[in-house]
Structures are given as structure tokens and as C-alpha cells.
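Here's the letter readout for the chains.
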Amino acid sequence: MKILLKSLLIFSLLFTNFLFAQTITKATFKVKGECGMCKDRIETTAKKTGATSANWSAESQQLTVEYDAAKVNPEELLKKIAEAGHDNEKFKAPDSVYENLPGCCHYEREPSFLTVTTAESTKPVKSDNQFFVRGNCVSCKTRIEKAAKTAGADAADWNPETQTVTLDFNPAKTSADAILKMIADVGHDNEKYTASDSVYKNLPDCCLYDRTLPLGVKSDLVHMEESPAPKKDFTQHADHVDKSIEEVKLIKMGEATALNKKETGLTFNISSKELLKAACCNLSESFETNATVDVAFSNAVTGTKQLKMLGLDQKYTSLTKELLPSIRGLASPYGMNLIPGRWIGGIQLTKGGSTVTNGYESITGQINTELLKFNEKPETAINFFGDINGRFETNITSTSAVSDHWNQTLLLHGNATLAKMDTNDDGFLDQPTGNQINASYLLNYNDLDHSGIGTHFGISFVKDERFGGQKDFDKNIPQSQQSLYGVGIDISKFDIWNKTGYVFKGKPYQSIGWMNQFTYHQQDSFFGQRNYLGNQKTFYSNLIFESIFGNTNHKYKAGASFLYDDFDENYLTQNFKRTETVPGLFFEYTLTGLKYTLVAGARTDFHNLAGTQFTPRLNFKYDLTPKTILRLSAGKGFRTANIFAENQQYFASNRQIEILGNGGNIYDLKPEIAWNYGASLQQEFKLFNRKATLVADFFRTDFQDQVLADLDISPNKIVFYNLDGNSYANSFQTQLDFVPAKNLELRLAYKYYDVQADYLGGKREIPFMAKNRGFFNASYSTEKNSKGGFWNFDTTLQLVGKQKLPNLNANPAEFRLPEYSASFATLNAQVSRNFNKNIRVYLGGENLTGYTQDQPIIDAKNPFGNYFDGGMVYAPIMPANVYLGLDVSF
């Protein structure tokens, strides 16, 4: 009997396991998509349809799922994915759903691996107790089901995928009409009733479903409650969610530079792919393939490059690193060279006034550089670079996880310029020799999903030495003991910073963040017989609180900042010392509607030397259609000029510096104050049956006060004085990006500048600014092979129109310049070969047209004479250059 019972028990257990065992099946399907939003949408849809796990790869265009074959029909799963907007090997998405996907999600539909089956032909079929109700997320589900029960339903279940609510009610107590009317009253359109506009507009952002879609079709929006929220990261910014990282997720995969459709400002996200199109040895070279920023040489002796935006010098653009002040003050002339290109994880470039939360100094825009950080898996990379002009560099970058919440980044860089090049035989080096050692360490903690705390710590140090001047100048011999003209620049810079934020529990819209940074910058330099020594100590602190008024359609940020600058400069025998302390308060309000976003902000700063300054800024974005976006902006900015640091390109000359003071507290001059106004139109359309984007923008900058550097009063002087009259810059740009064939990306742009000021001698054009500029970039990649290898070809052509040159007519004829320079063109090109995911070799050329400026140094044979001037540079100095590089990652 015991044996029989034991056998029956074993049989019963086996039979039960057999009955209840899940027949888990793993399968892979082809599904079309592009970006991080596509990944979230596809995987979320698969899981809601019954898959126990789902992983979609943008690279392979494959979805791998695990599901219980007894419960899930793979054909139904693929149908739901198509209904969400993604073609796959069985079903095609409805055209209306595909067209309403965000621009970053518009994958190429042809050629296709799909069958002719269409998701439109298999729309959800509902039973008698089911009704179509529009909505988006879990908050919608809660609201709809609660309203149904309030109206008398015994039970209600709303499905966001089928856009249907299933009702269970007693007809003697209520009716379907009564229930659906109550659901409309709380904000949700359905097949019987439409919600009022006022109620709909007051729904939270995540619940604003697309009212234009047919009933039963799910909105294409991705919402925080529907899918895992993007990880908030205060390592980038203390004010709530890390916007730069969220925005990168919205960029179309493969796009090197993308215009952010969500931002109210005209913001371009520049990815690492863009930076790999050229040598990009440092930040100043990272914009060679970008049409928005103009890159120009500043002088023939130091070889440094400066940026111009909206027709004005780099000093009017806020240059930040990790959204902290970076290249400003004494760092202005050489700071771009102190951020290695291989350290850069991404760049956000905003034209026009930026947010008031980041300070008051932005006038023409903001360029924010993000350093490399850990991303899912550890990676170490080594880069070697060399060119035929004797420039060599090495970069080592390493990102790794320390624990579940901690990760770190180590960045190392070294470069050296060894060859003494003098291709034009004027006796002066075409580029300085020297070396740089650079190191940074970043430590990040992210537990925002649980404790709500995130923090980021960074420290960096750089030592840069450059020597230029006459070719035979010996840097080891004191200046007083040799007759040759030499230039020496020795820079040391140290930064330490921390950013910490907290997201309130149960309130993902409410957060507080605090960022602090200390910077020490030292420059010891000489230009012939002139010495310039500069020292700057800066402390910056910014506290930001973010929350909402009522719902997430009404957001606000409020905070306080403090800036401390201590300057100590010695030029020749003169000493200039000043300390600037600037406490400030700011407030910014964001109103979000169905088709528009308004960001209005203002700050008040109490500057101890410049007085109290009020800085308002306004940005407005209106979506005329899903593919047509209008942006308007207006704002004010102010800054204190650093006349010595910002004009060092003229130190390599025999011009005497003269300051015509007017009683101001900074070099006896007043601060600079300007208003910037802008409008842009972004239009997406089909060209050659492929996606194209056209952007046209116009910006005007009007100076209320400005410090002018006048080069025209005399060839032997540079005179500084405050503006008395008008000074303005008009900037117009139109840019077309399109993909005429698979893997071929083209970018064309035209820019027009009108920049003038009232100098002492009358209204004149600002020198060294071309009125007309043309730009063309083409990039082509081959298909990846089985090892991940491919070729990439890139070329950039820039056309630079004539430029107004300083008046040197008081010089002898041989030492004069024409009124305008000649137009010229430059061509850069690069070909790279990725052998696999870990090894890449690239070969490139710069200035392949070979155009160089004739006589870049005036009276180079007599550098201590009255007419010597190395600052009159308007074109390339170096002839065609060829470089070779190797990237290895593991």
C-alpha cells in the first residue's frame, strides 16, 4: 500500500508539473526602428503583449523575446508592435501611425524585409462591453477606471495598447453612455463623447494623448509611467533630470548632429560620431564640420584658434563644461586648446540667449561640453595621432563601474609639437612648438530611482607650454641675451567641482540641486620684449529648486548663484588687480501646451563693480505641424571685458595699448550689455523620398554697452574704449540636411553677417568677419561586415567671402593691407576604416586646397621695428596638412 501511495504521489507531482509547466520559447524577429525611444516602445509593447523578456537592438534591427508559447501568439505580438509604429517581418505599421512618430524614430521603410500584411487591416476588435477610449499611460488608466466606477461600473479595465475600456456594470443602475460621459468629463475622448479642451489641456504632460489619431490607435508618445524612466543624472546638471542625456536618447541613431525638436531654443546635439569626422584634437577643432560655428586663426605666432557665433567673437558665447563655467576670463584665448577632443562625450550648442539658470554671460548662445562617462559597460580606449607638421598626441580614456551606484572616468592626454615649420620662409614659425599634459578624474554616484540622491565629483589639471616666434629663437636663453623675437606661453590650470541633487520621493517633477566649482588659472608669457602675467581664482556656486504649479504643464525653477573672480594681471610695468563678487537670484517658468512651449526667466545679479544687473530671457516654440517648428527668442546678457586676455593675438606686434577710460570700475571701463533677438523655422520633408530637414534662422544682437578694440586709429596702437552710439550684429543662416541615398549624409549651409559699430572715426564694419560664407559636408559609410567593420568617408568644403581688414594706410606701402581680403575656400577630408568594434584607423587632410594668407606677419624681417604686426590674420597660415591616427578600445 505504501509503495502504491508513493507511486501515486510521484505521478501526481509529475502530472501537475506537466499541466502547469510554462512552455517558454525564445525567438528573434526583425523589427524596424532607430533610437532609444524606439527601443523603449518596441520592448514595452512586446512585454505588454505577454513576453516575459524583450531586447531590441538598433544595430541588428532584431527583437529577441522570451514568451510562454501556451499563452502568447508571436503573430499577435508582432501585430501589436506594428500598431505601435514599427514595421516588422510580419506586419507593416499604419502610415498614419508611422508619420506621427517623433522625427528621431523615422526609420527607412525601404528596402524592407516585411510581408505585405498591414497592421491597419488587423485593427483591434472589441466586444459589446468594450469601448474605444483615448489615453497614454498608467495615470490615464487610473483616471479612466476610477471615472468608470464613479459612474456606477462594477469593474473597469482600460488597455493602453488597444485603446479600449472593458466595462462590467448593471444596466438597471447605470449605462454605457453615462460611464463614457463621465470618462470624457475627466479628460479622455471616447467613441461617444469628446473631452472639453480646457480639461484635456490641464492633464499632466504624460497624459496628453494624440487627438488626431483614429480611435483605437495608440499614441506614439513614450511616457514615464509606461516604460522605465530615463535615469536621472545630476552628474550633468543639478536642475532635475539630466536633459543632455535624455536628449541624446531622442537623436536619430547614426545622426552626427541633430537639432533637438523638444527644446524651445535652437539647440544642436553634437555626438561623438560628428567629432570623429575630423582630427578634433581639441575643442577648438571640434566644429570644423559644423556649419553653425565659424573657426578662425587668431594670430600667426601662437597658432591658437578662436570661435565666432552669430557674427561675434567667442567671448560673447557662454562656454561651459558639464554646465559649469569653463572658458572665460583669462582662459579665453587658449581655453579651447585645453579640452582634448577624445575626452568629449557630446556637445550641446544653443544659438541665442540660453536659460537664466546657467548665468548672465551668454549673449550669442551657449556651447556646453560633456565629458565621457560610463555607459552600461566598462570601456578603455587609446588614441594615437600624428601629422606631417610634427604634431603628435596620445589619449587614454577609461570608464568603469565601481559598484551598483558608483562609476568612474579617467581621462589622460599628452601632446607635443616638435617640428619647426616655416613654409612661407618669413623666418617665423608657422606654428609654435611645445607640449601639453592633461588629466581628469570623474566619480559619479546615481541612486535617484531609490534614495533620490545623485552626485558627481570631478578634478582636472593641465600644463601647457608653447614657444613661437623666429625660427632660430632659443627658448633656453633669456630674452635679454638674444636679438631674435620669441614668444613663450606657459599655462597651468586646475579645476575641482561637485554637483549633487535630490529628487523628492513620489514627486519625480520636484528636485533640488547644488553645484560648486573652484578654478585656478595661471599664465606666464612673453611676446618679444613684452611680458604678460595673469592669475585668476574663481569660485562658482549654483543652487536650483525645480517643481510644478498644479501639474507638469506649469513648471518652474528658482535658485541662487554666487560667482567670485580674483584677477591679478601684469602687463609690461603695469599691474591690474580686481575682485568681482556676484551674488544672484533667478526664476524661470515653463508653460507647456499641446503645440507650444514657453520658457520665461529672469535673474538679478548684484555685481560689486558693475552694479545691479537685471537679465530677462524668453524662448517660445510652436509646432505649426508635427514637422514644422517655429522658435522665437529674446534676452539680455552682460559681461565684464578682460581686455588683455581677450586680445592677446595683438600682443605679437608693436602696437601700444591705450585705454580711453570713462570712469568704470574695470580697466576704467564699463561692462558690456547686449540684447539678442532670434527667430527660426525648422521644416522636415521628403527629398528623393527620404527625410530632409531645412532650418532657417535670423538673429540680431544689439549692444547697449560694449568695449571696442579699435585697430584703425593707428597701425601702432590698439585703443580700448566704451561704445558711444550703436553696435549690432545681424546673422542669417539657412541649412539643409538630407540623406539622398542609404548611408550618405549631406549638409549644405549659407550664412550672411552684417556686423557694424560706431567707432570714434564713424560707423565701420567689424574687422575679420566675412559677410558671406558657404558650407558643404558629405559623409558616407559602407555597410558593416560580420565583424562590425566598415569604411567611412567624410569631406567638408568651406567658402569664405571677403573680410574687412584694419586700416594700415599710415604704414609704408609694402606694410599695408587692402581694404578687403580676397575670398577663399578650404577643403578637409578624412577616410577611416573600422576593422571591428575595437580597432579604427583614420587618414585625413586639412586645407587640401592649399590656400594660405600672403604675408601673415607684417614686416617679419624687422620684429622690433615700428611696423611689425602678427595679429592681422584672416586666412589659413599652414599649407595642406596630412594626419594619421589609430583608435583601439577594449
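Here, the structure is the one placed above.
Please read all numbers here as calculations on a predicted model, not as lab measurements.

## Things to note about the overall build of the protein chain
- Of the regular secondary structure elements, the protein chain holds nine helices and 41 strands.
- Taken over the C-alpha atoms alone, the protein chain extends approximately 115 × 55 × 55 Å along its principal axes.
- For the protein chain, contacts bridging at least 24 residues in sequence account for 64% of all contacts bridging at least 6.
- Positive and negative side-chain charges in the protein chain, numbering 93 and 99 respectively, have mean positions lying 4 Å apart.

## Some thoughts on the pattern of salt bridges
- Applying the stated criterion to the full structure yields 48 salt bridges.
- One salt bridge in this structure joins K537 and D566, with 3.9 Å as the shortest N-O distance. Pair noted here: K537 is in strand β23 (residues 530-549) and D566 is in strand β24 (residues 551-571), with a separation of 29 residues, a long-range link.
- Using a relative accessible area of 32% as the deciding quantity, one classes K537 as partly exposed.

## As for the sheet that holds strand β2 (residues 53-57)
- One open sheet accounts for three strands, arranged β1-β3-β2; its pairing is antiparallel. Since the sheet does not close on itself, it has two edges, and those belong to β1 (24-30) and β2, each with one partner. Averaged over neighbouring strand pairs, the angle between their axes works out to 15 degrees when direction is ignored.
- Sheet topology note: the β2/strand β3 (residues 62-68) ladder contains five bridges and is antiparallel. For S57, the partnering residue across the bridge sits in β3 and is Q62.

## Section: the nonpolar core
- By size, the foremost hydrophobic cluster in this structure holds 44 residues, and its most contacted members are I643, F644 and M872.
- Of all elements in the fold, only β21 (486-503), β24 and β33 (717-722) reach the threshold of two or more residues within this core.
- If near-sequence neighbours (up to four positions away) are discounted, I643 is found in contact with I659, Y667, L669, V707 and F720.

## Looking at the sheet that holds strand β32 (residues 707-710)
- If you trace the three strands from one edge of the open sheet to the other, you get β29-β33-β32, paired in mixed fashion. Looking at the sheet topology across the chains shown, the edges are occupied by β29 (656-660) and β32. Neighbouring strand axes in the sheet, compared pairwise and without regard to direction, differ in orientation by 20 degrees on average.
- Where β32 meets β33, four bridges bridge the pair, whose relative direction is antiparallel. Paired with L708 across the strands is Y721, a residue of β33.

## A few points about the pairing of β3
- The pairing of β1 with β3 spans seven bridges and is antiparallel. Its bridge partner being in β3, F29 is matched across the sheet by L63.
- Between β2 and β3, which follow one another and run antiparallel, lie four residues, and Q61 among them has a positive phi close to 55 degrees.

## A short note on the side chain of D754
- Relative to the elements of secondary structure, D754 occurs in strand β35 (residues 744-759).
- Of the side chains bearing the opposite charge, K771 lies closest to the buried D754, which forms no salt bridge; the N-O distance is 4.6 Å.
- Within the structure, the side chain of D754 is placed 3.0 Å from the side chain of Q756, a separation counted as a polar contact.

## Some details on the packing of helix α2 (residues 36-48) against helix α3 (residues 74-83)
- In contact at an axis separation of 9 Å, α2 and α3 are set at 140 degrees when each is read in the N-to-C sense. In this view, α2 runs oblique relative to α3, as classed from their interaxial angle. Regarding α2 and α3, the two cross each other, and that crossing is right-handed. Contact residues: I42, T45 and A46 in α2; L77, K80 and I81 in α3.

Parameters and conventions
- Residues numbered from 1 in each chain as written.
- Predicted model: local features only at pLDDT ≥ 70, side-chain atom pairs only at ≥ 80, totals over all residues.
- Heavy atoms only, no water.
- Helix = DSSP H or I, 4+ residues; strand = E, 2+ residues; numbered from the N terminus.
- Contact = heavy atoms within 4.5 Å.
- Lys, Arg positive; Asp, Glu negative; His and termini not counted.
- Charge placed at Lys NZ, Arg CZ, Asp CG, Glu CD.
- Salt bridge = Lys/Arg side-chain N within 4 Å of Asp/Glu carboxyl O.
- Buried < 20%, exposed > 50% of the residue type's maximum accessible area, 1.4 Å probe, protein only.
- Pairing = 2+ DSSP bridges.
- Axes fitted to C-alpha atoms, helices over the stretch in contact; angles between N-to-C directions.
- Core = buried A, V, L, I, M, F, W, Y, C linked by side-chain atoms within 4.5 Å.
- Polar contact = N/O pair within 3.5 Å; in protein donor to acceptor, adjacent residues only side chain to side chain.
- Parallel < 35°, antiparallel > 145°, perpendicular 65-115°, else oblique.
- Left-handed = near helix turned anticlockwise from the far one by under 90°.

By themselves, these figures tell us nothing about what the structure is for.
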